[in-house]
Amino acid sequence: MDQDQLYALTMTTLNRAMDGDVPGAATTLMEIGQSGDMFNVFGACCAFAEVGKAALTKLYGSQAPNTERGDMWALEILKPGNSDPAETFAVRFIVAYANDDQDQALALFRASLEASSEEHVSSVSQLLATSVSLARTALTDPAV
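Residue numbering note: each chain is counted from 1, following its sequence as written. Where totals are concerned, whole chains, interfaces and linings use all residues; where local detail is concerned, this predicted model gives features only for residues with pLDDT of at least 70, and gives and counts side-chain atom pairs only at 80 or more. Hydrogens are left out, water is left out, and the side-chain values use all remaining heavy atoms of the structure.

Asks: What exactly am I supposed to notice about the packing of aromatic side chains here?
Replies: Given two aromatic rings, one states the distance between the centres and the angle between the planes to describe the pair. Working definition: rings of Phe, Tyr and Trp (its six-membered ring) pair if their centres are within 6.5 Å, and the pair is stacked with planes under 30 degrees apart, edge-to-face with planes over 60 apart, and tilted otherwise. Following the criterion strictly, the structure yields four aromatic pairs and no others. Ring centres of Phe-42 and Phe-93 lie 6.1 Å apart, and the angle between their planes is 80 degrees; on these two criteria the pair is classed as edge-to-face. Here the residue Phe-42 occupies a position in helix α3 (residues 38-60), and Phe-93 occupies one in helix α4 (residues 85-98), the gap between them amounting to 51 residues. To sort residues, take the accessible area from a 1.4 Å probe on protein chains only and compare it with the maximum for the residue type: under 20% means buried, over 50% means exposed, and anything in between is partly exposed. Overall, the relative accessible area of 16% leaves Phe-42 in the buried class. Members of the aromatic cluster, connected to one another through ring pairs, are Phe-42, Phe-89, Phe-93 and Phe-109. Only DSSP runs of H or I reaching four residues or more are called helices, and only runs of E reaching two or more are called strands; each is numbered from the N terminus.

Asks: What am I meant to see in the pattern of salt bridges here?
Replies: Every case where a carboxyl oxygen of Asp or Glu lies within 4 Å of a side-chain nitrogen of Lys or Arg is listed as a salt bridge. The full count for this structure, using the stated rule, is two salt bridges. For the salt bridge of Asp-100 with Lys-53, the shortest nitrogen-to-oxygen distance reads 3.5 Å. You can see Asp-100 sitting in the loop between α4 and α5 (102-114) and its partner Lys-53 sitting in helix α3, a full 47 residues away along the chain. Assessed through its relative accessible area of 47%, Asp-100 is described here as partly exposed. Across the pair Arg-69 and Asp-71 runs a salt bridge, and its minimum N-O distance is 2.8 Å.

Asks: Sorry, what's going on with the packing of helix α2 (residues 22-35) against α3 here?
Replies: Each pair of packed helices can be described by the angle between their axes along with the distance between the axes. Inter-axis angles, ranging from 0 to 180 degrees, are taken between N-to-C directions of lines fitted to C-alpha atoms, where helices are fitted over the stretch in contact. In the contact formed by α2 and α3, the axes pass within 8 Å of each other and the chain directions differ by 145 degrees. Between α2, through Leu-29, Ile-32 and Gly-33, and α3, the contact on the second element is made entirely by Asn-40, Val-41, Ala-44 and Phe-48. Classification used: nonpolar for Ala, Val, Leu, Ile, Met, Phe, Trp, Tyr, Cys and Pro, charged for Asp, Glu, Lys and Arg, polar for all others including Gly. Split by residue class, the contact of α2 with α3 holds five nonpolar, two polar and no charged. Residue contacts are defined here by distance: any two heavy atoms, one from each residue, within 4.5 Å place the two residues in contact.

Asks: Teacher, can you tell me more about α3 here?
Replies: Residue pairs spaced three or four apart in an α-helix point in one direction, given the helix's 3.6 residues per turn. Over its 23 residues, α3 runs 32 Å from end to end, which matches the ideal 33 Å to within 8%, given 1.5 Å per residue. Where α3 is concerned, the buried positions are Asn-40, Val-41, Phe-42, Ala-44, Cys-45, Cys-46, Phe-48, Ala-49, Gly-52, Lys-53, Ala-55 and Leu-56. The elements touched by buried residues of α3 are α1 (3-18), α2, α4, α5 and α6 (117-140). Pairing of N or O atoms within 3.5 Å defines a polar contact, subject to two protein rules: one partner must be a possible hydrogen donor and the other a possible acceptor, and residues neighboring in sequence count only if both atoms are side-chain atoms. One side-chain oxygen at the N-terminal end of α3 lies 3.0 Å from the backbone nitrogen of Phe-39; it belongs to Asp-37. Each helix should span, by expectation, one fewer than its residue count multiplied by 1.5 Å.

Have a look at this one:
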């Protein structure tokens, strides 16, 4: 898959997810996974995390961490005893990406690849869902 195809599929996936078209988003996300390689999927994950990072930056405004001066993002999953690996992956990937920690983002992605295929798909899907949820909140929150 070339970069133009990856870009088009990634943007279509994000657009469909933002529009609430879950089956359509799942279809294009699946196409990225089936037509591309792990590098393409990682690229799509980074694009999803960029959406999450932009949403967090908008939500936190002037209180957002400035990574250029050494500030760091930190998010907490607020459900006590949460053991959902996909949700944990999504939050940790967005935080790593938002902190410009490419090594950590890549390590998380590799760990998802080493899990079962089902867990990997769930993790990538949850990353998309979490990023879109953050974006929707940022776009609709009247306080922002």
